[in-house]
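One letter stands for each residue in the lines below.
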Amino acid sequence: DVAYLRSVLPSTTEDAFFDYLATLDTSEVTVSAVPEGSVVFARVPFLQVKGPLLVVQLLETTLLCLVNYASLVATNAARFRLRAGPDVKLMEMGLRRAQGPDGALSASKYSYIGGFDCTSNVLAGKLYGIPVRGTIAHSFIMSFTSLEEVQPRELSPLAGGDPVDLPLLAESWLQRVCELLQSPPEKANRGELAAFVSYAISFPRDFQGLLDTYCVQRSGLPNFCAVALALHQLGYRAIGVRVDSGDLAQQSKEIRRVFRACAAHFQVPWFETIAIAVSNDISEQSLEEFRREGSEIDMIGVGMNLVTCPLQPSLGCVYKLVEVNGSPCLKLTEDEEKMTIPGTKTIYRLYDAAGHPFMDLMALEEEPSPTAGQELEIRVLGRLDEATKVMPTTVEPLHRTYVRDGQVCEPLPSLSEMRSHVQASLSLLNPAHRRLRDPQPYPV
């Protein structure tokens, strides 16, 4: 690294500088931060780095790179989780639209932390232990043209016994399903039926169908039900369907109606609970519409609008010098929003009697800590000319020391622990601060 820097820095750079770089380490660096997965509000420093000036300056770009996109995607994922509610499963499927393979892996990791349940990115599952999920592709279904292409054809019953010709059994069930649904059997695409049968023979305990390759109502849905009922006859249960186009909320209700009709008519009670998944350019607005229309959707796959964060493509965290050798530093600027708040600070979160945080307090490190039940005189950022008095019921110091003298000094949580902490942090917020549209500003 030093040799490379010699090749690109001006030739007048002193040798002593390169000698210094060769011995550089982080043994004097201390880092304190809010715990991973905590809610952090604007202007609150969530990471504080202390150490030799040159070392902490060199860390600036690295830390911002590591923090900005991670926090952005986790926040975006948390917003999707709030929109969807706690019961709907959310699947991250943004690999094809992400900012390259590294961005895709980061998006999978931080979407999971933010509240998603699983990812379609198998490498992210391997590297990070995130649950992986997916469904069959349109191209798989389109690659079949007839039931004669299904090889092998036979499937043994779950309880044992002689193998059964599944294409033949599925075709007989298709006649019965189409009769129930009053749909012409000839409208059901036989290539699609062959694809479903072939998949079911390979994965009889995990059979699922993608319904909209041709026509959901006249082909995809009858074909799926036929294969699922054939599997049921052999002792297996189908696990779900996916729709990737059209009016997703309305289609989910129609699919559920058909599942219920099959469950009642063929006396298969579990059939009405088969999971319905949707995808196709899902946004926050889509989730709002699903809830408003009362859909029957159980799982939602979100891609581009999750990993590229179109509502705010970058987070804009900054890393500013606030104190050198005990002397506070203040950056003055024409833009008031970019002015820094000088001095080494301790951050406290103040809670009300209902257990909701109502204010974050920044105090100089040497100032006495506030205590519960003690009246405080404070000034809110943006209204510094007004003094206000508040009395917290609970006071929580926000920062923990994670690195001391260059060594990690607190165990780092797992992804699943961070994910749980995100939801716990969000649940503590007052609904007025948590709502996604026109939230009440949170004072600092």
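Everything numeric here is computed off the predicted structure, so don't read it as measured data. (Residues numbered from 1 in each chain as written. Predicted model: local features only at pLDDT ≥ 70, side-chain atom pairs only at ≥ 80, totals over all residues. Heavy atoms only, no water.)

**Student:** Requested: an account of the overall build of the protein chain, with residues and values cited.
**Tutor:** Looking only at helices and strands, the protein chain features 14 helices and 19 strands. For a compact globule of 444 residues, the expected C-alpha radius of gyration is about 22 Å, and the protein chain comes in at 29 Å, more than 25% above that figure. By its C-alpha atoms, the protein chain is 85 × 60 × 40 Å across when sized along the principal axes. Taking all 444 residues of the protein chain together, the buried fraction comes to 43%. Within the protein chain, contacts between residues at least 6 apart in sequence are counted, and of these 64% link residues at least 24 apart. About 23500 Å² of surface is accessible on the protein chain, with carbon and sulfur atoms providing 52% of the total. Taken together, the 40 basic and 53 acidic charged side chains of the protein chain have centroids lying 5 Å from each other. (Helix = DSSP H or I, 4+ residues; strand = E, 2+ residues; numbered from the N terminus. Rg over C-alpha atoms; globule rule 2.2 N^0.38 Å. Buried < 20%, exposed > 50% of the residue type's maximum accessible area, 1.4 Å probe, protein only. Contact = heavy atoms within 4.5 Å. Areas by Shrake-Rupley, 256 points an atom, 1.4 Å probe, with all protein chains shown as cover. Lys, Arg positive; Asp, Glu negative; His and termini not counted. Charge placed at Lys NZ, Arg CZ, Asp CG, Glu CD.)

**Student:** Provide a residue-level description of the sheet that holds strand β14 (residues 357-364), including the pertinent values.
**Tutor:** Across the sheet, three strands lie side by side as β14-β13-β17; this open sheet has antiparallel pairing. Edge positions in the sheet fall to β14 and β17 (394-397), since each of these pairs with one other strand and no more. With strand direction ignored, the average angle separating the axes of adjacent strands in the sheet is 25 degrees. Direction of pairing for strand β13 (residues 345-351) relative to β17: antiparallel, over a ladder of four bridges. Each residue of the ladder has a partner; that of Tyr-348, found in β17, is Pro-397. (Pairing = 2+ DSSP bridges. Axes fitted to C-alpha atoms, helices over the stretch in contact; angles between N-to-C directions.)

**Student:** Break down the UniProt feature "domain: Nicotinate phosphoribosyltransferase C-terminal" (unreviewed entry) in the protein chain for me, citing the residues and quoting the values.
**Tutor:** Per the UniProt record, "domain: Nicotinate phosphoribosyltransferase C-terminal" (unreviewed entry) is annotated on residues 345-444. Annotation note: span residues 345-444, helix share 18%, strand share 32%, distance between end C-alpha atoms 13 Å. (UniProt positions renumbered as here; feature names shortened; annotations may be inferred.)

**Student:** Please set out unusual backbone geometry residue by residue, giving values where relevant.
**Tutor:** Residue Gln-151 is joined to Pro-152 through a cis peptide bond whose omega torsion reads -5 degrees. Structurally, Pro-152 can be placed in the loop between α6 (138-142) and β5 (154-155). Within the chain, Asp-405 stands out as a residue other than glycine whose phi angle is a positive 50 degrees. The topology assignment puts Asp-405 in the loop between β18 (400-404) and β19 (407-408). According to the relative accessible area criterion, Asp-405 is partly exposed, its value standing at 46%.

**Student:** Could you give me a rundown of the packing of helix α9 (residues 216-233) against helix α10 (residues 248-265), with the residues and numbers involved?
**Tutor:** Across the interface, α9 lies against α10 with an axial gap of 11 Å and an inter-helix angle of 40 degrees. What the angle tells us is that α9 and α10 run oblique. Crossing hand, α9 versus α10: right-handed. Contacts between α9 and α10 involve Val-216, Gln-217, Leu-221, Phe-224 and Cys-225 on the former and, on the latter, Gln-251, Glu-254, Ile-255, Val-258, Phe-259 and Cys-262. Residue composition of the contact of α9 with α10, by class: eight nonpolar, two polar and one charged. (Parallel < 35°, antiparallel > 145°, perpendicular 65-115°, else oblique. Left-handed = near helix turned anticlockwise from the far one by under 90°. Nonpolar A, V, L, I, M, F, W, Y, C, P; charged D, E, K, R; others polar.)

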